[in-house]
Amino acid sequence: MGISQNEQQSITDLVGQYQALPGGLLPLLHAIQGDIGYVPDSAVPIIAKGLNLSRAEVHGVISFYHDFKTSPVGRHTVQVCRAEACQSMGSRQLEAHAKQTLGIDYGETTADGAVTLEPVYCLGNCACSPSIRIDDAIYARVDRDRFDDLVSGLSSEKGAAK
Ligand code: FES
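Now for a quick tour of the structure. None of these values were measured; they are calculated from a predicted model. (Residues numbered from 1 in each chain as written. Predicted model: local features only at pLDDT ≥ 70, side-chain atom pairs only at ≥ 80, totals over all residues. Heavy atoms only, no water.)

A short note on the packing of aromatic side chains
In step 1: Counting across every chain of the model gives 2 aromatic pairs.
In step 2: Centroid distance F64 to Y65: 5.0 Å. Interplanar angle 85°. Geometry classified as edge-to-face.
In step 3: Judged by relative accessible area, which is 61%, F64 ranks as exposed.
In step 4: Among the residues examined, Y65 registers a relative accessible area of 36% and is labelled partly exposed.
In step 5: Relative to F68, the ring of Y65 has its centre 6.2 Å away and its plane inclined at 80°; by these criteria the two rings are edge-to-face.
In step 6: Residue classification places F68 among the buried positions, given a relative accessible area of 7%.
In step 7: Among the aromatic side chains, those forming a connected cluster through ring pairs are F64, Y65 and F68. (Phe/Tyr/Trp six-rings, centres within 6.5 Å; stacked < 30°, edge-to-face > 60°. Buried < 20%, exposed > 50% of the residue type's maximum accessible area, 1.4 Å probe, protein only.)

Structure below.
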């Protein structure tokens, strides 16, 4: 997927700001993600050239840190807890249902740009497993029906789920 001219300019500007900073790659990547929401593949050669690194080095850092996203994220982020307490209460089945319902895998975004699906490892809500988070809200004891209820409003942009 291509990036807009504005995004390209932002990346070039940010590379200019960070290229003289020792160890500037990580803060630069965070700055790019903070500015345009993700680190597009097309940014890699610009970063590599600006920081005098190989493309492989830049790719390596982006893929090592799971916080970096390499494609645009959806308007909402749905996270399914994969940690032990939630797994013991059926989160594996719930995540399979989530992937099937949304038609995407972890790290992907629905075609309408509404939802990005991510795994998460404990939401601090273990007593009420299985838990999910939608944007900033955590939901407890989520079964398939509740998941469907929570997610159904996201695509139609009727607002956050309750
Ligand atoms: S294990 Fe899922 S919230 Fe803690």
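Things to note about the side chain of T116
In step 1: Along the chain, T116 falls in strand β2 (residues 115-120).
In step 2: Polar side-chain contacts of T116 include one of 2.7 Å to the side chain of T109.
In step 3: Sequence-distant contacts of T116, that is, excluding residues within four places in its chain, are made with V73, G74, H76, T77, V78, E108 and T109. (Helix = DSSP H or I, 4+ residues; strand = E, 2+ residues; numbered from the N terminus. Polar contact = N/O pair within 3.5 Å; in protein donor to acceptor, adjacent residues only side chain to side chain. Contact = heavy atoms within 4.5 Å.)

Some thoughts on a nonpolar patch on the surface
In step 1: On the surface, a cluster of nonpolar side chains totalling about 300 Å² of accessible area is made up of L26, F64 and Y65.
In step 2: Along the chain, L26 turns up in helix α2 (residues 25-36).
In step 3: Residue classification places L26 among the partly exposed positions, given a relative accessible area of 30%. (Patch = residues over 30% accessible without salt bridge, like charges linked within 9 Å, V, L, I, M, F, W, Y side chains within 5 Å. Areas by Shrake-Rupley, 256 points an atom, 1.4 Å probe, with all protein chains shown as cover. Salt bridge = Lys/Arg side-chain N within 4 Å of Asp/Glu carboxyl O.)

Digging into the pairing of strand β1 (residues 76-81)
In step 1: Within β1, 5 of the 6 residues are buried, leaving the element largely enclosed by the surrounding structure.
In step 2: Where β1 lies against β2, 6 bridges are found, and the strand directions are parallel. Looking at β2, one finds that H76 is bridged to V115.
In step 3: Pairing geometry for β1 and strand β3 (residues 132-134), over 3 bridges, is antiparallel. Bridge assignment links V78 to a residue of β3, and that residue is I134. (Pairing = 2+ DSSP bridges.)

Notes on the nonpolar core
In step 1: By size, the foremost hydrophobic cluster in this structure holds 21 residues, and its most contacted members are I11, I32, V39 and I47.
In step 2: Put simply, the parts of the chain that give this core at least two residues each are α1 (5-18), α2, α3 (43-51) and α4 (55-64).
In step 3: When sequence neighbours within four positions are dropped, the list of residues in contact with I32 reads I11, L14, G37, Y38, V39, P40 and I47.
In step 4: Listed in part, the 18 residues of the second largest apolar core include Y106, A114, Y139 and V151. (Core = buried A, V, L, I, M, F, W, Y, C linked by side-chain atoms within 4.5 Å.)

Re the environment of Y139
In step 1: Tracing the chain through its elements places Y139 in strand β4 (residues 137-139).
In step 2: When its relative accessible area of 9% is taken as the criterion, Y139 is described as buried.
In step 3: Residues Y139 and I104 lie 35 residues apart in sequence; the distance between their C-alpha atoms is 21 Å.

Quick look at the pattern of salt bridges
In step 1: On inspection of all chains with the given rule, the structure shows 4 salt bridges.
In step 2: For the salt bridge of E118 with K69, the shortest nitrogen-to-oxygen distance reads 2.6 Å. Here E118 is found in strand β2, whereas its partner K69 is found in the loop between α4 and β1, with 49 residues between them in sequence.
In step 3: Overall, the relative accessible area of 14% leaves E118 in the buried class.
In step 4: Note that E95 and R82 form a salt bridge whose closest N and O atoms lie 2.8 Å from each other. With a gap of 13 residues between them, E95 in helix α6 (residues 91-102) and R82 in the loop between β1 and α5 (84-88) connect regions that are remote in the sequence.

None of the figures reported here should be taken as evidence of function without further support.
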